[in-house]
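Each chain, letter by letter, is given below.
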Amino acid sequence: MKPAPFTLVRPQSLEEALSLLAEHGEEGKIIAGGQSLVPVMNLRMAQPEILIDLNRVDGLAGIAFEGGRLRLGGMVRQAALIESALVRLHAPLLAKALPNIGHVQTRSRGTIGGSLAHADPSAELPLVMVALDAELVLASAAGRRIVPARGFFLDAMETVLQPDEMIVEISVPASPPDTRCCFRELARRRGDFAIVAVAAQRTGEQLVVALGGVETVPFVSTRLNGETVRGRSRDELGAMFAEEMTGRHVMGDLHASADYRAHLAGVLVEECLREVLEP
Amino acid sequence: MRFSCRINGVAYEGDVEPRLLLADFIRHEARLTGTNVGCEMGVCGACTVMADGEPVRSCLMFAVQADGMDIRTVESLAENGSLSPMQESFHKHHALQCGFCSPGFLMTLESLARKGALPKDEEDAREVLSGNICRCTGYQNIVDAVLAVSR
């Protein structure tokens, strides 16, 4: 199908983009890579009256390592993240997740900011940012605020972004050299959205296990961390995790029932724990 | 809305609705019908073209967004009536039946070839081609055709 008519504006600067957002944020949408937005528009599931195209705005696509943090501009393409030596070095968990995102043709346009703003429950980037405890810099014409990734996602396709706000930067603390990490995803075909995905990272005694595609937003496991896993057998860890899952609101849909997702989560968590814990 | 771009080295100008998809500009305005529209929602890959050297889904770009870009479509592969090496390999290995998906596969592969990144084994080939769907061949002949060129 073809999208409904709209106006497209192409700001040349961030200031101009924010000013347009302030004026049109309610009835308009930002278009970054378009890999999530345009399908929705082509299906007429969304009919924004105005699109604010960020592809001409300079200064939003940088990758830098500063002050112990990896700093990524909101418009950094997923393909650029894959090519980046800084990402491989300072965020190996992100590097492991990236090849699972979409396909070669979507990663050339798709952006990190766009994926986070879109907030699909099954998307990999929201999960990894939650796992890495990323900070998002949100900008509007009125100023900027920093929101932790772990507080950014409210529900499926819903974030704390206000209509006049956009993500300009994402930063993550650099992973120390002795970090061990694991990313596991189950999808029906390569590149599909995950049915369930697990991102785990261990540095010394610190352990984070995060899950996507299970609840409507990615979350960090409360039961499995550096303290609680010490000295536990595989069976004990499985039981601890299963117990946590009974208290969770697991999604069920035509791709996978809630029971199946919960089961898959356990399988993938076990794989990841094996990878990051075993000597 | 006005825009201009180059397609296969030829300059094009348009004054079109913003909602006109790049795929539709290529097919209906530029009359280059090699690029096919399969799903219009970015999952099948039949519309794959190269934009500034990168493989993109032309059904997920608006034509006006291609302003200033260098677009390459399947029509650019053959030279003076001679098939490109990859096209020749597709022919030889029977990697197409109806041919609807083939331009998309070829342009994905062309973008990789230009970067020296053609897959060298079956696993990699299936990985990089995961964004192109074929309903006819069952993919094996496509993989064979690709590896025959890359190895």
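Now for a description of the structure that goes with this document. (Residues numbered from 1 in each chain as written. Chains lettered and ligands numbered in written order. Predicted model: local features only at pLDDT ≥ 70, side-chain atom pairs only at ≥ 80, totals over all residues. Heavy atoms only, no water.)

### Let's talk about the pairing of strand 13 (residues 206-212) of chain A
Residue and element names in this part refer to chain A. For strand 13, the buried fraction is high: five of the seven residues fall into the buried class. Judged from the seven bridges that link them, strand 12 (residues 196-203) and strand 13 form a sheet pairing that is antiparallel. Paired with threonine 203 across the strands is glutamine 206, a residue of strand 13. The turn joining strand 12 and strand 13, which pair antiparallel and follow one another in sequence, is formed by two residues; a positive phi near 60 degrees is taken by glycine 204. When strand 13 meets strand 14 (residues 219-225), the two strands line up antiparallel, connected through three bridges. Each bridged residue has a counterpart across the sheet, and for leucine 211 the counterpart in strand 14 is phenylalanine 219. Once strand 13 ends, the chain turns through six residues before running back antiparallel as strand 14, passing glycine 213 with a positive phi of about 80 degrees. (Buried < 20%, exposed > 50% of the residue type's maximum accessible area, 1.4 Å probe, protein only. Helix = DSSP H or I, 4+ residues; strand = E, 2+ residues; numbered from the N terminus. Pairing = 2+ DSSP bridges.)

### Considerations on helix 8 (residues 124-131) of chain A
Residue and element names in this part refer to chain A. In terms of residue burial, helix 8 counts as a mostly covered element, since eight of its eight residues are buried. Residues of helix 8 that are buried: Glu124, Leu125, Pro126, Leu127, Val128, Met129, Val130 and Ala131. Immediately beyond the C-terminal end of helix 8, within one or two residues, lies aspartate 133, with a positive phi of roughly 60 degrees.

### Considering the interface of chain B and chain A
Facing the 30 residues of chain B at the interface are 30 residues of chain A. When the area that chain B buries against chain A is broken down by residue, the three leading residues are Arg19(B), Leu60(B) and Gln65(B), summing to 24%. The interface formed by chain B and chain A holds three salt bridges in total. For Asp24(B), the salt bridge is made with Lys2(A), and the minimal N-O distance between the two is 2.7 Å. At the surface where chain B touches chain A, the tally comes to 14 residue pairs in polar contact (both at pLDDT 80 or more). For the side of chain B that touches chain A, the elements supplying multiple residues, two or more each, are strand 4 (54-57) and helix 4 (122-128) of chain B. (Contact = heavy atoms within 4.5 Å. Buried area = accessible area lost by both parts, 1.4 Å probe. Salt bridge = Lys/Arg side-chain N within 4 Å of Asp/Glu carboxyl O. Polar contact = N/O pair within 3.5 Å; in protein donor to acceptor, adjacent residues only side chain to side chain.)

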